[in-house]
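Understanding the architecture of this molecule
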Amino acid sequence: MISEILQGLFKHIDSFLMSCLLFTMLVGLFVLYSASGQSFDRISSQLVNIAVALVVMWLAANIPPQHLERIAVPIYVFGVILLIGVALFGEVSHGARRWLSLGFTKIQPSEIMRIAVPLMLAWFFSKRERSHRIIDFAIAALLLLIPVALIVKQPDLGTALLISASGFFVLFLAGLSWKFLIGGMVAISASMPLFWSMLHDYQRKRIEILIDPTQDPLGAGYHTIQATIALGSGGLTGKGWLNGTQAQLDFLPERTTDFIFAVFGEEFGMIGNLLLLTLFSLIIIRGIVIASQAKSTFTRLLAGSITLTFFTYAFVNVGMVSGVLPVVGVPLPLISYGGTSMVTLLLGFGILMSIQTHKKLVASG
Amino acid sequence: MRSSNELKNYQHEQHDFKLRLAVLGLLVILAFAALTIRFYFLQIKRYDYYQTLAENNRISIVPITPNRGLITDRNGVVLAHNFFVYTLEITPSKVEDLDKTIAELAKLVEVSSFDLKRFNKLKEQSHNFESIPLRTHLNEIEAAKFAVNRFRFPGVELKSRLFRHYPLGKMGAHMIGYIGRINDKDLTDMEAADTLSNYKGSDHIGKSGIEQSYETELHGTTGFQQVEIDADGQAVRTLSSTAPISGNNVVLSVDIKLQEIAETAFGEHRGALVAIKPDTGEVLAFVSMPTFDPNLFVDGIDVDNWNQLNNSLDKPLINRPLRGIYPPGSTFKPFVALAGLEAGKRLPPFSINDPGYFTLPNSVHQYHDWKPGGHGVVDIRRAITVSCDTFFYGLAMELGIDKLTNFVRHFGFGIKSGIDINGEIPGLLPTPEWKMRRYKQPWYMGETVITGIGQGYTLVTPMQLAQAIAILANKGVAMRPRLVSGITNTKTGAVSIIKPTVNEKIPLNEGNLEIVKLGMIDVTMPGGTAASVGANAGYSIAAKTGTAQVIGMKKNEKYNANAIDERHRDHALFIAYAPAEVPKIALAVIVENGGHGGSAAGPIARKVMDYYLLGKLPPVEVPPEMNPKNPSAAAPKPPPIDAPEEDIHD
């Protein structure tokens, strides 16, 4: 009886993916405990974030992909309207207009677009299953560029980057022609100077300082310098949990959020880093398997995009902390403190699980 | 047809999708491989580099200042010590509005314009994150007032700092010296001497006297604490610490009671006194009058006090024993006499009949004796006793300037005594070579003549004169003069006695020494120039008086001490040793503008010798409002008089 209920409850949960996620989040809690200066408050509040995110994931896993297909367009349109609302009436904080006040609460519409954009594009291509015309890709690109442009303007480079990536993955998996792809890459390289001129000063500075962090060791370069010192001084085996001097003595900025990987790398060393990459790889591999087994174009493209967006998260964050990518505000997935990113991520994994566990039903139905 | 086409299409699409998925999978592998290479570079290859950086980040070396050693007199009386005082200190980088904070603080504790000036000066000289004193010497009430209001003043701290204090104030200030804040010149000197690291955390350094010359002993070794700090520079915990080693205590050979008696004896007179134990070279008293309060200098002297000290005609800041130069006058005569005797000249029973003047052969110029009409028949012993100028004019001429100066140089004239504090100047013992070098003029015979009575170019410091008489008292054995007799290691308690060192043994004939000594004993006997000094002494005193002219007198012009300005009067000189048979103390006294040596300088010497030899205290003659323990505290200032251009070259 009880086992039946449990079986019913976990019917749509992918056990392998779930185990990897739970284990990674558990590691994350340990790192957060150390990074927060052994704060139980932080841990319990992160546990609440995880609990909420797991509920969202469970709900998403239990919604059949067909339903998602149906709500793709409304969510997208709703999201874009909110983004326009932000551009017009948004609240400014720290020089960026990202939040929209609804009176009782504040929301960040760009977060909605993280899932709405891949949904929308996957839906779009599923409706044009048999055509590979350039015009389709042009429309898809436009659908992607509208929210991205609005988000870049806020400005929120990190989110814009991740949404662009998620959209790009859909386009690529939908069969974007190789010629066009290569041509696009060339075009992007050629348009770099223009892109450079459009960037905000602080964004340019971040890139400049990435190239040479010593330019501004106490200002913008401080983050990168202290993070590489933390990682480098961790060595092969690390300084041990709670023993990272860079982390424990406040040298690392934003160490519970964007720079939490520096804490991890300092305390657990290269071995720890490789284990974390392995965990991420297992999640990515499972996502790719789900995508390759998916039955419809919509689910295929959605699963592929969600998986590779997760990869982009991880790569961009680790890359920026270890000093090979510019500092853009991207948290380390499943590890960094914060509710929004946790919910968005697990919502994505819930959709993956739904795609995996509903395909038999689709086939039989 | 359509369905198979559709299926084919579907399969093709499936295939293409998987290919593209594989491409992205490869991208993931490449990306993670790139990260792995980066980890290898940071965490393995450059591990040592980043490890060092992390250590430097977290570890700060905090110096622990050692306690400065004490200075005591030979009997253990403390002359310089340290005590804790409350200071109110501000770290500018931690204060948002400095002016407002200071204004608010001024409502709680008094902040004078001097405090503000000093604060601003120190602020300019130091880093913003250093703690700078605003007020020092807060009393208990002020400290408590601030402590209650502490929370209102972030970045302001009540600290307890070790301060140097000279409990006897003005007494012996020139010899003890003082410490002051380390300035740029000190830093340069320390860098050259490679002692800079030992002064991390020290604010003060010896600036003069014993404090300066024995800085190495007194300062001690700075301890260090390795502290783990956070990114704000706040200490989190101590990793290791090396305790500081307190500075050594310096024991002076000076008897501070003797010093007090000497200083009191000077009264309002300016001048100097140096007393030496002849057989060891130990300095027993080292007086420079007027003196000053060294406590004023410890934390930076304020402008008013500085101007008062620096602009005073009395020049209280000059270390007279070491840097005051005076013509030796007649105190030079015993040495000239000995030079003659050692050269085989004027040996008894040789005598002259003094007409009251001396003339060089083939010249009509008369060199007058101080006594008009002369002293009659005078042998060498009596020439010393009555200070017969005519006798020494002739002797000097006969010896010649070279023989004369070469002999007296052994007694320290014209060279530094080598006393163990800095700042000594060598005085001047003129030679024909020196005159040619200095004035491009040949040496005249007449200059040799007046050198014989201590006039002319010859200049001595009180220290030199004391050293000369000490050498004479010690029968030609020149001991190195020393203010410090021992150094106590504060850690082990071990005392290292500084052994007397012989500078030189001048080979002298005992008989000649005896003749000079007898002549000098007679000085303090009835008929001598300082008969009153020797009266009822109870011990025998060998002495010589001297008078040094301040302004040039026209030939034949009569000197009337009472008729001229006090500052134009002659300097009074007096040298002595006692007891004459077995000398225990030798001293030189100079009273500026004191007039005659026997009457102005002699009584001071007598009081010093009485106390040292007999333990006899001088009769109390100070007015009741003066504190006898602080003899110069209430000395009223003499009326200002225009300083004369001292013309000591007759």
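As the structure is a prediction and not an experimental result, all values here were calculated from the model. By convention here, each chain's residues receive numbers from 1 onward along its written sequence. Think of it this way: whatever chain is written first is A, whatever ligand is written first is 1, and the rest follow in order. It should be noted that, the model being predicted, local features are given only for residues of pLDDT at least 70 and side-chain atom pairs only at 80 or more, the latter also being counted only at that level, while totals for whole chains, interfaces and linings use all residues.

1. Structural notes on the sheet that holds strand β21 (residues 542-548) of chain B
Residue and element names in this part refer to chain B. Pairing between two strands requires that DSSP report at least two bridges joining them. Numbering of helices and strands runs from the N terminus, with a helix taken as a DSSP run of H or I at least four residues long and a strand as a DSSP run of E at least two residues long. The strand order across the open sheet formed by five strands is β12-β11-β23-β22-β21, and the pairing between neighbours is antiparallel. Each of the sheet's edge strands pairs with one partner strand only, and the pair in question is β12 (282-289) and β21. Sheet twist, expressed as the mean angle between neighbouring strand axes with direction ignored, is 5 degrees. Sheet topology places strand β11 (residues 271-277) next to strand β23 (residues 585-591); six bridges connect them, and they run antiparallel. Looking at β23, one finds that valine 274 is bridged to alanine 588. We call two residues in contact when the distance between their C-beta atoms, placed using the backbone, is within 7 Å. The angle between two axes is taken between their N-to-C directions and runs from 0 to 180 degrees, where each axis is a line fitted to C-alpha atoms and a helix contributes only its stretch in contact. Against the sheet, helix α20 (residues 462-473) engages β11, β22 (571-578) and β23, with an angle of about 150 degrees to β23.

2. With respect to the pairing of β23(B)
All names here are of chain B. In terms of burial, β23 is largely enclosed, as seven of its seven residues are buried. Burial along β23 is two-sided: the residues Ile585, Leu587, Val589 and Val591 and Ala586, Ala588 and Ile590 are all buried. Relative to β23, β22 runs antiparallel, the two sharing seven bridges. By the bridge assignment, alanine 576 is partnered in β23 with leucine 587. Counting the residues that bridge the hairpin from β22 to β23 gives six residues. Exposure in this text rests on C-beta crowding, where 20 or more other C-beta atoms within 10 Å of a residue's own make it buried, 12 or fewer make it exposed, and counts in between make it partly exposed. The C-beta atoms are placed from the backbone.

3. So, the sheet that holds strand β1 (residues 91-93) of chain A
Residue and element names in this part refer to chain A. Sheet architecture is open: three strands sit in the order β1-β2-β3, paired in antiparallel fashion. Each edge of the open sheet is held by one strand with a lone partner, namely β1 and β3 (106-107). Two strands pair when backbone bridges link them, and β1 and strand β2 (residues 96-101) are joined in this way by three bridges, in the antiparallel orientation. Residue pairing for β2: serine 93 is matched across the bridge by alanine 96.

4. Some thoughts on the environment of Leu322(B)
Residue and element names in this part refer to chain B. You can see leucine 322 is positioned in helix α13 (residues 320-323). Taking the number of C-beta atoms within 10 Å as the measure of exposure, leucine 322 has 25 and is therefore buried. Spatially, the C-alpha atoms of leucine 322 and lysine 416 are 9.1 Å apart, while their sequence positions differ by 94 residues.

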